[in-house]
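# Descriptive analysis of the structure
As a plain string of letters, each chain reads:
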Amino acid sequence: MERRNFVKTTALTALGAVLLRPLEVLAEEATSSVATKEQLKDIELPAGIRERYVPGVNGLTVHVLEAGFETPERPAVLLLHGFPELAYSWRKVMLPLAAAGYHVIAPDLRGYGRTTGSDNAYDGNFASFRTHELSRDALGLIMALGHESVHTIVGHDVGAIIASYCALVRPDFFRSVLLLSCPFGGVPPLPFGVGLQTAPIAQQKTAVQDALASLSRPRKDSTSYFSSRNANDEMLNCKQGLHDFQRAYFHVKSADWSQNKPFPLTSGKAEEFAKLPTYYVMDLDKTMPESVAPDMPSQKEIDACKWLPDSDLDVYTQEFKRTGFQGGLNWYRCTTGGLNRSDLELFSGRTIDVPSCFISGIADWARFRPAGALEQMQQKACTKMQSFHIIEGAGHWVQQEQPEQVTELIVDFLKHLK
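Residues numbered from 1 in each chain as written. Predicted model: local features only at pLDDT ≥ 70, side-chain atom pairs only at ≥ 80, totals over all residues. Heavy atoms only, no water.

## Observations concerning the overall build of the protein chain
Regarding its fold elements, the protein chain presents 17 helices and 14 strands. Every one of the 418 residues in the protein chain was classed for burial, and the buried ones make up 56%. Counting only contacts in the protein chain whose residues sit at least 6 apart along the sequence, the fraction spanning at least 24 positions is 79%. Total accessible area computed for the protein chain in this model is approximately 18000 Å², and 53% of it derives from carbon and sulfur atoms. (Helix = DSSP H or I, 4+ residues; strand = E, 2+ residues; numbered from the N terminus. Buried < 20%, exposed > 50% of the residue type's maximum accessible area, 1.4 Å probe, protein only. Contact = heavy atoms within 4.5 Å. Areas by Shrake-Rupley, 256 points an atom, 1.4 Å probe, with all protein chains shown as cover.)

Right under this line is the structure:
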């Protein structure tokens with residue numbers, strides 16, 4: 001039976017530029033930027049995983065979980081979580097990766113959990129949450145930890161988008177990349193040859209969001225909802241309560257929800273896009289908690305959910321209750337507002353040329369967002385894609401739903417890097 005412990009950092013220990021800092025100190029710092037004054041609670045972690053706080057990383061003090069730290073000079077494997085998750089989401093894969101010989105590092109991303117120093121307010125500097133800055137955070141963290149490169153960067157959901165960007169712009173540092181759930185469809189092209197035209201070309205197109213709203217059943221994309229001013233409050237203070245909202249949200253995006261039977265979309269048109277479940281393409285007048293509430297699992301289903309028991313879900317609930325969602329939501333604003341695209345355009349024509357791998361759950365719709373991205377990744381955007389895997393019995397939360405299979409595939413990828 002797995003031995004578990006409550007991890008407490010109760011002493012200051014210098015290690016180069018890195019400090020272990022007590023939870024009480026971080027609680028005092030954190031309360032200036034979070035919704036409540038509740039003290040940080042201990043997180044129950046498997047024995048062999050420790051938490052630490054790394055100051056001075058691109059203006060942040062980064063909360064990190066790590067395994068395999070006992071042996072120096074190990075190659076680094078960096079794990080980046082998605083929304084609405086935490087470094088804690090990697091708890092099931094960290095020890096097996098460490099046992100395979102790696103220094104495994106999983107931070108709370110900017111705006112999440114116990115990482116502090118960011119301006120998380122809706123009316124704050126939301127541009128600091130663009131993919132470019134989150135990639136700078138990843139680079140700075142690894143350098144602060146004393147590594148000259150990352151053997152493999154692994155990203156899930158939003159973390160996969162950050163990992164893709166890291167591998168795209170710094171292949172010398174991020175030596176390989178493994179993407180979970182969200183494919184990298186390539187860098188958006190800049191207009192080519194238009195300067196040779198004698199007359200300007202009309203490029204005005206109907207926005208997909210406007211087209212969704214004009215359907216007979218008016219809809220909106222979840223990314224637009226997450227970018228709205230009210231999203232944080234509506235999720236944090238929803239009618240069913242934060243815990244039940246998160247339970248329903250994790251449930252409907254998992255393989256436990258029988259209606260998840262994803263298929264490729266033929267285009268990015270609104271009519272096609274509206275075929276996605278309502279947790280991705282919502283009814284226009286609904287909040288996210290209202291969208292997932294009808295599919296709240298029964299108590300019997302909750303009791304049967306071994307990959308996310310209530311004790312584990314409580315970690316997410318206590319952390320987001322304390323911090324709110326706005327820090328994580330600010331990345332979506334950078335996406336819908338065009339900042340993330342404009343940063344990518346600087347690398348127009350460039351591909352990911354380090355070894356790559358893609359893993360997704362069979363019940364995960366994310367691999368088909370946006371339409372055609374999966375095929376573009378395999379055929380063009382990632383020139384050294386060594387493996388591609390679809391896992392049975394998993395939805396969007398693949399590393400939590402099927403951690404043994406995911407770990408086995410990651411280790412196999414690492415062993416066969418070319």
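## Overview of the packing of aromatic side chains
All chains considered together, the criterion is met by 21 aromatic pairs. Here Trp-331 and Tyr-332 contribute two aromatic rings whose centre-to-centre distance is 5.0 Å and whose plane-to-plane angle is 80°, an arrangement assigned as edge-to-face. Judged on exposure class, the residue Trp-331 and its partner Tyr-332 are both buried. One Lys or Arg, Arg-333, reaches over the ring of Tyr-122 and ends 3.7 Å from the middle of that ring. Its guanidinium or amino end placed over the ring of Phe-126, Arg-333 lies 4.2 Å from that ring's centre, counting from NZ or CZ. (Phe/Tyr/Trp six-rings, centres within 6.5 Å; stacked < 30°, edge-to-face > 60°. Lys NZ or Arg CZ within 6 Å of the ring centre and 35° of its normal.)

## Looking at the confidence of the model for the protein chain
Chain-level pLDDT for the protein chain is 90 on average; 86% of the residues reach the 70-or-more range. Under a pLDDT of 50 for its full length, residues 1-37 has, in the predicted model, 78 contacts with residues more than four places off or in other chains. (pLDDT = per-residue confidence, 0-100.)

## Side note on the pairing of strand β13 (residues 356-361)
Of all six residues making up β13, six are buried, and the element is well covered by its neighbours. The two faces of β13 match: Ser-356, Phe-358 and Ser-360 on one face and Cys-357, Ile-359 and Gly-361 on the other face are all buried. Here four bridges tie strand β10 (residues 177-180) to β13, and the two strands are oriented parallel to one another. Its bridge partner being in β13, Leu-179 is matched across the sheet by Phe-358. Relative to strand β14 (residues 385-391), β13 runs parallel, the two being bridged by six bridges. Its bridge partner lying in β14, Ser-360 is registered against Ile-390. (Pairing = 2+ DSSP bridges.)

## Things to note about the pattern of salt bridges
On inspection of all chains with the given rule, the structure shows 16 salt bridges. Arg-114 serves as the salt-bridge partner of Glu-319, at 3.1 Å between the closest nitrogen and oxygen. Separated by 205 residues along the polypeptide, Glu-319 in helix α12 (residues 310-323) and Arg-114 in the loop between β8 (103-107) and α3 (131-144) bring together distant segments of the chain. Each member of the pair, Glu-319 as well as Arg-114, carries the same accessibility label: buried. Residue Arg-369 is joined to Asp-221 by a salt bridge in which the shortest nitrogen-to-oxygen separation is 3.2 Å. A residue pair is termed long-range when its members are at least 10 positions apart, and Arg-369 in the loop between β13 and α15 (373-381) and Asp-221 in strand β11 (residues 219-221) qualify at 148 residues. Overall, Arg-369 belongs to the buried group, its relative accessible area being 15%. Taken together, the shared-partner salt bridges in this structure form one network comprising Arg-50, Arg-52 and Glu-66. (Salt bridge = Lys/Arg side-chain N within 4 Å of Asp/Glu carboxyl O.)

## Considerations on unusual backbone geometry
For the bond from Phe-83 to Pro-84, the omega torsion is -10°, close enough to zero to count as cis. Tracing the chain through its elements places Pro-84 in the loop between β7 (76-80) and α2 (91-99). In this structure, the amide linkage connecting Arg-369 to the following residue, Pro-370, adopts the cis form with an omega of -10°. Among the structural elements, Pro-370 can be located in the loop between β13 and α15. Phi at Asn-58 is positive, roughly 50°, even though this residue is not glycine. Topologically, Asn-58 is positioned in the loop between β5 (50-57) and β6 (60-67). Within the chain, Glu-73 stands out as a residue other than glycine whose phi angle is a positive 65°. Residue placement: Glu-73 occurs in the loop between β6 and β7.

## A few points about the packing of α3 against helix α4 (residues 158-169)
Taken N-terminus to C-terminus, the directions of α3 and α4 make an angle of 75°; their axes are 9 Å apart at the nearest point. The angle between the axes of α3 and α4 places the two elements in the roughly perpendicular class. Every residue of α4 that contacts α3 at Thr-131, His-132, Leu-134, Ser-135 and Ala-138 is listed here: Ile-161, Ile-162, Tyr-165 and Cys-166. Here the contact of α3 with α4 is composed, by residue class, of six nonpolar, three polar and no charged. (Axes fitted to C-alpha atoms, helices over the stretch in contact; angles between N-to-C directions. Parallel < 35°, antiparallel > 145°, perpendicular 65-115°, else oblique. Nonpolar A, V, L, I, M, F, W, Y, C, P; charged D, E, K, R; others polar.)

## Observations regarding the nonpolar core
Core analysis: the largest hydrophobic core is formed by 120 residues, its most contacted members being Leu-78, Leu-79 and Met-288. Apart from the residues within four sequence positions on either side, Met-288 is in contact with Ser-222, Tyr-225, Phe-226, Met-235, Phe-245, Tyr-249, Tyr-279 and Met-282. (Core = buried A, V, L, I, M, F, W, Y, C linked by side-chain atoms within 4.5 Å.)

## Quick look at helix α17 (residues 403-415)
Its 13 residues give α17 an end-to-end C-alpha distance of 18 Å, which sits within 8% of 18 Å, the value for a rise of 1.5 Å per residue. For α17, the complete set of buried residues consists of Pro-403, Val-406, Thr-407, Leu-409, Ile-410, Val-411, Phe-413 and Leu-414. (Expected span 1.5 Å × (residues − 1).)

## With respect to α3
The end-to-end C-alpha distance of α3, which contains 14 residues, comes to 20 Å, matching closely the 20 Å that a straight helix rising 1.5 Å per residue would cover. For α3, a buried count of 10 out of 14 residues is recorded, marking the element as mostly surrounded by other parts of the structure. Among the residues of α3, Thr-131, Glu-133, Leu-134, Ser-135, Asp-137, Ala-138, Leu-139, Leu-141, Ile-142 and Ala-144 are the ones counted as buried. Note on α3: the residue one or two positions beyond its end, Gly-146, has a positive phi of about 90°.

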